[in-house]
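Residue-level listing of the chains:
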Amino acid sequence: MSADRIIFWAFAIIFVLGGSLFTITRRNAVSAVMSLVATFFALAVVYVCLSAHFLAALQVLVYAGAIMTLFVFVVMVLNRDEMDPWARRGLLSRVLGIGLSSGGLVGLSFYLLDWKPEVTLGDLPGEWGGVASVGEVLFSDYLFPFEAISLLLLIAVIAAVVVARTPRQMQQLGLEESPPTAAEPSDAGSHP
Amino acid sequence: MDGNFPLYLIPLLPLAGAAINLGFGRRFGRLFVSMVGCGAVILAMLVAWKAAFVLHGEENLVLRSRFFEGDWFYATEGVDRYSIHIAPGLLLDRLSSLMTLVITTVGFLIHLYSTSYMEEDPGYHRFFGYLNLFTGAMLILVLGDSMPVTFVGWEGVGLCSYLLIGFWYTKDANAYAGRKAFIVNRVGDFGFLLGMFMVFSATGTLTYEDIAQPAAIHQLAQPFHWNAAYGTIAALCLFLGCTGKSAQIPLYIWLPDAMAGPTPVSALIHAATMVTAGVYLVARMHFVFALDPFVPALVASVGAVTALFAATMGLTARPIKKILAYSTVSQLGFMFIGVGTRAYSAGVFHLMTHAFFKAGLFLGAGSIMHALANEEDVMKMGGLARKMPITRWTFLIYCLAIAGIFPFAGFFSKDAILAGAFTFDYAVVPGWPHWLGHAIYGVGLVAAFCTAFYMFRAYFLVFHGTYRGEPEVLAHAHESPSAMTGPLVVLAIGSVVLGFLGIPRVGEHFAEWNFIDEWLPPGLHAAAEPEGGTVTVLMLVATAVAAGGIGLAWSFYGKGVSPTAEKLAASFRGLYKVLVNKYYVDELYDLVVVRPLRKTAWFLWRVVDAFLIDLVLVRGSAAVVDRVGRLLRYIQSGDVQRYVVAVVGGAAGLIILATWWGPYRSSKFQVDVSGNDVVVRAHAAEQPKETQGAPFDYTFDFGDGSEPVHQSSPVAVHRYEKLGEKEIVVSVDDPRWKTSSKTSHKVTVGPR
Amino acid sequence: MIPVQDFLVLGALLFALGVAGFIYRRNALIVLMSVELMLNAANLTLLAFARARQDVRFHVFAFMVIAIAAAEAAVGLAIVVGIFRNRHSVNLDELTLMKH
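Residues numbered from 1 in each chain as written. Chains lettered and ligands numbered in written order. Predicted model: local features only at pLDDT ≥ 70, side-chain atom pairs only at ≥ 80, totals over all residues.

Undergrad: What exactly am I supposed to notice about the interface of chain A and chain C here?
TA: Interface size is often expressed as the accessible area that is lost when the parts come together. Contact residues are listed per partner, giving 80 residues for chain A and 67 residues for chain C. Only α1 (3-25), α2 (29-49), α3 (53-78), α4 (91-113), α5 (131-138) and α6 (143-163) of chain A provide two or more residues apiece to the side of chain A that touches chain C. Element by element, the count of residues in the side of chain A that touches chain C is highest for α3 of chain A, at 13 residues. Residue classes in the side of chain A that touches chain C are distributed as 59 nonpolar, 13 polar and eight charged. (Contact = placed C-beta atoms within 7 Å. Helix = DSSP H or I, 4+ residues; strand = E, 2+ residues; numbered from the N terminus. Nonpolar A, V, L, I, M, F, W, Y, C, P; charged D, E, K, R; others polar.)

Undergrad: Even after reading the chapter, I still don't get helix α16 (residues 389-403) of chain B, so can you show me in this structure?
TA: In an α-helix, one full turn covers 3.6 residues, which means residues spaced three or four apart are oriented alike. Residues and elements named next belong to chain B. The end-to-end C-alpha distance of α16, which contains 15 residues, comes to 21 Å, matching closely the 21 Å that a straight helix rising 1.5 Å per residue would cover. Taken across its 15 residues, α16 has eleven buried, putting it largely inside the fold. Within the span of α16, buried status applies to T391, R392, T394, F395, I397, Y398, C399, L400, A401, I402 and A403. In the segment just after α16, G404 is the residue with positive phi, at about 90 degrees. (Expected span 1.5 Å × (residues − 1). Buried ≥ 20, exposed ≤ 12 C-beta atoms within 10 Å, placed from the backbone.)

Undergrad: I keep staring at the packing of helix α15 (residues 344-371) of chain B against helix α20 (residues 482-497) of chain B and nothing clicks. Help me out?
TA: Between two packed helices, the angle of one axis relative to the other and the distance separating the axes together describe the packing. Residue and element names in this part refer to chain B. One way to put it is that α15 packs onto α20 with a least axis distance of 9 Å and a crossing angle of 150 degrees. With respect to α20, the element α15 is oriented roughly antiparallel. Between α15 and α20 the crossing geometry is left-handed. The segment α15 lies against α20, with F356, F357, A359, G360, L363, G364 and S367 engaging M484, P487, L488, L491, A492, G494 and S495. (Axes fitted to C-alpha atoms, helices over the stretch in contact; angles between N-to-C directions. Parallel < 35°, antiparallel > 145°, perpendicular 65-115°, else oblique. Left-handed = near helix turned anticlockwise from the far one by under 90°.)

Undergrad: For this particular structure, what's the right way to read the pairing of strand β6 (residues 677-682) of chain B?
TA: Both faces of the sheet carry side chains from a regular strand, because those side chains alternate between them. Residues and elements named next belong to chain B. Burial of the side chains of β6 is restricted to one face: V678, V680 and A682 are buried, whereas none of D677, V679 and R681 on the reverse face is. Both strand β5 (residues 669-674) and β6 contribute to a ladder of six bridges, which runs antiparallel. Each bridged residue has a counterpart across the sheet, and for V671 the counterpart in β6 is V680. In sequence, β5 turns back onto β6 through a hairpin of two residues, with G675 there showing a positive phi of about 65 degrees. Across five bridges, β6 lies against strand β9 (residues 715-719) in antiparallel orientation. Bridged to V679 within β9 is V717. (Pairing = 2+ DSSP bridges.)

Undergrad: Sorry if this is basic, but what is going on with the packing of helix α5 (residues 172-203) of chain B against helix α8 (residues 230-245) of chain B here?
TA: Residues and elements named next belong to chain B. Closest axis-to-axis distance for the α5/α8 pair is 7 Å, and the angle between their directions is 155 degrees. In terms of orientation, α5 lies roughly antiparallel with respect to α8. As for how α5 packs across α8, the hand of that crossing is left-handed. Contact with α5, carried on its side by V184, N185, V187, G188, D189, G191, F192, L194, G195, M198, V199 and A202, involves Y230, G231, I233, A234, C237, L238, L240, G241, T243, G244 and K245 of α8 and no other residues of that element. By residue class, the composition of the contact of α5 with α8 is 13 nonpolar, eight polar and two charged.

Undergrad: Teacher, can you tell me more about the sheet that holds β6 of chain B here?
TA: Hydrogen bonds between backbone groups are what pair the strands of a sheet, and the pairing can be parallel or antiparallel. All names here are of chain B. Spatial strand order, β5-β6-β9: three strands in an open sheet with antiparallel pairing. The sheet terminates laterally at β5 and β9, the two strands that pair on one side only. Each strand axis lies, on average, 15 degrees off the axis of its neighbour in the sheet, ignoring direction.

See the structure below:
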């Protein structure tokens, strides 16, 4: 095993896998978010290893910056520690699922590691993966999906506002005619 | 005049009457119903007479009418011959003209009679609606210019027959009789359909005029199967239809039961018109029936056997309508003798005269029953001559007519048939005895004797001797009103004079007197005419036989039931019983047809329907769904995370499947060593479809200093110069993915 | 030089961890984070193949994935907030409304 691989794996295990493991095991939601931020930063580094410079920057900006801020805000709104972080109901099926998923993926990993032939990576042009090369494709061949994605984001923002509203806020916005009398409209008992 | 004559009015008027009566009759009362019912028929009669006069003016004139231009439906399949174009057309030639006259005239009289006979019936409007509908359907049958149109009428009259037999449907027996008639007729209709198909498959057309063309006849004469021509099979199938509709052996069994209907119905449908449809069809399609001499021979034989068979059954029957029913079957047999011996005009002539006197007989019987509170048993009547003079005298005329006594109609028509049979030479039919005509004549004579006997038995039992029923019934006995006696008188006049339309040629005498023969086209004339002397002898014999029958009836029943008759019945108890039980034919049918059908139906009901379909399929499938649903309920927990487990499990399964069985494992290879030679087989020998056209490039480096081999085949063979341990490197380049993979494998080459 | 399959293996492991988090945790927030992990694993795999095929179009797809992840996070978090408002809990095993 060459030195760069050793360094790569050491970094990946500690930061990427370790960070994500922390994320899913922390009882405190803030710690989980912070671990996730670390994971994303580490992933940005991995992207750089793949010559995806533009995506690495985007990872830091959007994920670690914007999305995680959102998460932190929501954690602040809820602000509750979990007494019991693990779901206990249907434990058998959960164990089965974990076994299947991790088994399948770890098996796949071993298969990939066992992949004797070396996939040789050809030489890259210097600008490959940079803003210019990605942007060129993005604004030529994929202009329409790009614009569609922007529209999707707009819709998502509006949807988020509508879903997360309180009735009082909605009234203030003029989106609802009269204040609802019952505060719990979607109780389980009201369903057939 | 040809194209413009409103021929369609003839069937359309009664149909319109039926529509009005069935639709609004209940609301508008009896007078309205009678006006519409009788008016429609009388108008149709006038049109029919007018048409007949038009036809009379010109030889070979044929009237045609189309409701609308174009086809009812058509079906084409490639070849022209198999394209069906069926247009609703009417055709009036001299044959159908005669039929329309009989149907409308007799029909009108019976309508008129019914206004009085059915007066008290709550279903008055329904009755007239059905009668009109029947008249319309019968006229369509007669006037149709092609077999499908005739078939529409054929089915229409069958339907009306069913409806009218079961007119008093509240009584089980009536409904049963209606069903029986309908089902037995269905067998015959099936034959009609098959015959129609046969004709079509041979000639490609169904129009009578087209079938009569020489080319079509030639096609019909082509051999089909079983050494028979198309035409033969078609005629046999059609004849099956005729036996159903015209109550011949073997399908006659429905007609005696059909007497459950009101008496005018029996007169109109089951005596005068509908049952003669078979005779009409044979005459209409005589060119098909005459194609193979075997067919007319069969028709005549069936007719003769039926005539005798039914006549003997009439000997012992007691309900007056049953007697008349057997008489009808027997007379229809005579008509089939006529058309079977190719004396079509004689058959049609008898059809016409029979329509008059048999309708009269039924109406007379209705008049008697009307007077006697619906009593039917002749043994419970007697001595009614003075109470009902008009009925009595007209009845006597009808009886004389059917028996065939000289100036009455039956004498001429029956004589024409018997003469035709006597002179017909069956030598032309291979395998049939040439004396068959004589035999048929003999059978016909016996049947005629029986006819004379049982008709006068009925007459004497009803009108002579002393009354044998309940006295209080007799007290109410009276002559029927004029609406009933009027038609009786008209029909009686017809029964007397109509015979003179068909005076046979006796030698050189009366050469121009046979109006019927002259009226009908030459193709329908009797095949052979007897000598003048023979005619006279035949006439005398027939008259003697009829007179003998009448005399025997007088001696037995002239003054009530004579002891001789009872003694005779007692001494031939077995035969008598067989006759009373109608030869046990109904029982036979019950055993052979009805019971197996019931067993089958029971099986289908119990096993197939109740068990297989209801239990196994319907409830079984529901139970399976229910059980499976109960099981699946546990899966639907509502827990998103558990759902994800299923998704992940499926995905993992797919990954495992794709990794272990997928086609992309091109990098592994196997080496077979034998001596100096190695064979290297890379996997992915089967290249997946989507990569075809851009095959993998394989590079084999055998590790002995030789040049690496580049090729697109995954199998390589190499011979080593030196033995020892070698490292083989295989690299696979995927031009699509611009990737290459390399695998090495160490082998030892050397002797084992 | 780091071979491509190393990146693929890393992506697979990351994805497995994301799945585990999704399946095991009760907290809807953490479950959403697990979804983000899985999306990132997918992104990593996409970029690895981009490198292998030297095709920059994969980057465009990864870009789309990031955008969709942002939208998903926004809506998902809004739903979590809405649920919390209504039920005063974000425990997924108490939310079995999909049963009905």
